[in-house]
Amino acid sequence: MSITTGDFRSKITSSTLLDKKSRHEPITCLTAYDYSTARLVDEAGIDMVLVGDSLAQTMLGYENTLPVTMGEMLHHTRAVRRAVKHAFLVADMPYASYHVSLKETLRNAARFMKEAGAEAVKIEGGENRAALIQRLGDAEIPVVGHIGLTPQSVHRMGGYKVQGKSMRDIEQLMRDATALDHAGVVALVLEGIPREVAAMITSEIEAPTIGIGAGPDCDGQVLVFHDILNLTFTPPAKFVRRYGDAAELITNAVKNFRDDVKTHNYPSDAESYHLPKEAQATLEIVNSRKHAVRK
Ligand code: KIV
């Protein structure tokens, strides 16, 4: 039985993603961090919505993803959950929420499912996370893996650099992808790796690959919502394609409001509330009496 949403599109699940891979039908994924944008993304028919820890930068103004907390991630995931009816909803586990102990990892991951309504969690890392991913699976928590340029490792990588360029690194990436596939990831994000390596991984593993800066041969593509709309205040990475300029739209709207208020053009009489006729007549009588007494 397939579950349908109110608008009669079928609900995207982890099985849908696998089916899409087998049919060579591209999977679409965007980040979303709040109710209104998540609604627009979901209603536009995107398959997967990721509450990425990139919200540390896009929504909270941090320099990188490391400072964002469980509390902040849960808060944003709950807002997105209320909006998303159709897409498969994935939440990023923040740095240090799955690095300390198995018990803490299970508890934190379960909070995303139980308290925030996520349908899977995403964790960064390669074969060193395989056992953890298996344990999360045992606890009925689907996991999306994330390898290549993993932003939570920015200090270990020495900056945001394309990964997997040497033979040694390519072999490691292949081992990582295979280990995560065997551990049961429902999808695997490939970030910042050469197109050729992403293509090899995609054809080698069963789980659908979702690329970001990994070329066109992945099973799907993900981009950051703020990147495609020019809302990031930084020069875009090579792989970003801008589909709109929300910065310009918002700036123009805000400036027009400012100017209308300053020049008494907002609000107009039509944008004001009015008293009912009888109340207005009574008020006029009261006012004219007050006026007469003062004279
Ligand atoms: O946090 C994020 O937005 C991500 C995507 C870029 C894959 O992890």
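Here, every reference points to the structure presented above.
Residues numbered from 1 in each chain as written. Predicted model: local features only at pLDDT ≥ 70, side-chain atom pairs only at ≥ 80, totals over all residues. Heavy atoms only, no water.

S.K.: So what exactly am I meant to see when it comes to the overall build of the protein here?
M.R.: When helices and strands are counted, the protein shows 12 helices and eight strands. Relative to the compact-globule value of 19 Å for 295 residues, the protein shows a C-alpha radius of gyration of 25 Å, a clear excess of over 25%. Over its C-alpha atoms, taken along the principal directions, the protein stretches across nearly 95 × 45 × 40 Å. Within the protein, the fraction of its 295 residues that count as buried is 45%. Sequence separation of at least 24 residues holds for 58% of the intrachain contacts in the protein that already meet a minimum separation of 6. Of the roughly 16600 Å² of accessible surface on the protein, 56% is carried by carbon and sulfur atoms. (Helix = DSSP H or I, 4+ residues; strand = E, 2+ residues; numbered from the N terminus. Rg over C-alpha atoms; globule rule 2.2 N^0.38 Å. Buried < 20%, exposed > 50% of the residue type's maximum accessible area, 1.4 Å probe, protein only. Contact = heavy atoms within 4.5 Å. Areas by Shrake-Rupley, 256 points an atom, 1.4 Å probe, with all protein chains shown as cover.)

S.K.: How should the pairing of strand β7 (residues 209-212) be read in this particular structure?
M.R.: Consecutive side chains along a regular strand alternate between the two faces of the sheet. In β7, alternate side chains face the same way, and those of Thr 209 and Gly 211 on one face and Ile 210 and Ile 212 on the other are all buried. After leaving strand β6 (residues 187-191), the chain enters helix α9 (residues 195-204) and then returns to the sheet as β7, a path that is right-handed. Two strands pair when backbone bridges link them, and β7 and strand β8 (residues 220-223) are joined in this way by two bridges, in the parallel orientation. Looking at β8, one finds that Ile 210 is bridged to Gly 220. (Right-handed = clockwise from strand over helix to strand, strands pointing away. Pairing = 2+ DSSP bridges.)

S.K.: Would you mind showing me how to read the sheet that holds strand β2 (residues 48-51) here?
M.R.: Whenever strands of a sheet pair, they do so through backbone hydrogen bonds, lying parallel or antiparallel. What the eight strands build is a closed barrel, ordered β1-β2-β3-β4-β5-β6-β7-β8; its pairing is parallel. Averaged over neighbouring strand pairs, the angle between their axes works out to 25 degrees when direction is ignored. (Axes fitted to C-alpha atoms, helices over the stretch in contact; angles between N-to-C directions.)

S.K.: What's the story with the pattern of salt bridges in this structure? I'm lost.
M.R.: Side chains bearing opposite charge may pair, as long as their charged atoms lie close to each other. In this structure the tally under the stated criterion is 13 salt bridges. Residue Lys 20 pairs with Asp 47 through a salt bridge whose shortest N-O separation is 3.4 Å. With Lys 20 in helix α1 (residues 14-22) and Asp 47 in the loop between α2 (35-43) and β2, this pair connects stretches of sequence that are 27 residues apart. The exposure class assigned to Lys 20 is buried, which follows from its relative accessible area of 9%. Here Glu 115 ties to Arg 78 by a salt bridge, and the two come within 3.6 Å at their closest N and O atoms. Here the residue Glu 115 occupies a position in the loop between α5 (102-114) and β4 (120-124), and Arg 78 occupies one in helix α4 (residues 70-83), the gap between them amounting to 37 residues. Residue classification places Glu 115 among the partly exposed positions, given a relative accessible area of 37%. (Salt bridge = Lys/Arg side-chain N within 4 Å of Asp/Glu carboxyl O.)

S.K.: What is the right way to look at the site of the ligand in this model?
M.R.: Residues in close proximity to the ligand include Thr 31, Leu 50, Gly 52, Asp 53, Ser 54, Asp 92, Lys 122, His 146, Val 189, Ile 212 and Val 224, which together make up its full environment. Note that an oxygen atom of the ligand is positioned 3.0 Å from one of the side-chain N or O atoms of Asp 53. Contact distances for the ligand include 2.9 Å between an oxygen atom and a side-chain N or O atom of Lys 122. Within the shell around the ligand, the residues separate by chemical class into four nonpolar, four polar and three charged. (Near = heavy atom within 4 Å. Polar contact = N/O pair within 3.5 Å; in protein donor to acceptor, adjacent residues only side chain to side chain. Nonpolar A, V, L, I, M, F, W, Y, C, P; charged D, E, K, R; others polar.)

S.K.: Just checking my understanding: could you explain the environment of Arg 242 for this structure?
M.R.: By secondary structure assignment, the location of Arg 242 is in the loop between α10 (225-228) and α11 (246-262). Put simply, Arg 242 and Asn 230 are 12 residues apart on the chain and 6.6 Å apart in space, counted from C-alpha to C-alpha. Setting aside anything within four residues of it in sequence, one finds Arg 242 in contact with Asp 227, Ile 228, Asn 230, Thr 232, Thr 234 and Pro 236.

Limitation: the analysis is restricted to geometry and does not speak to function.
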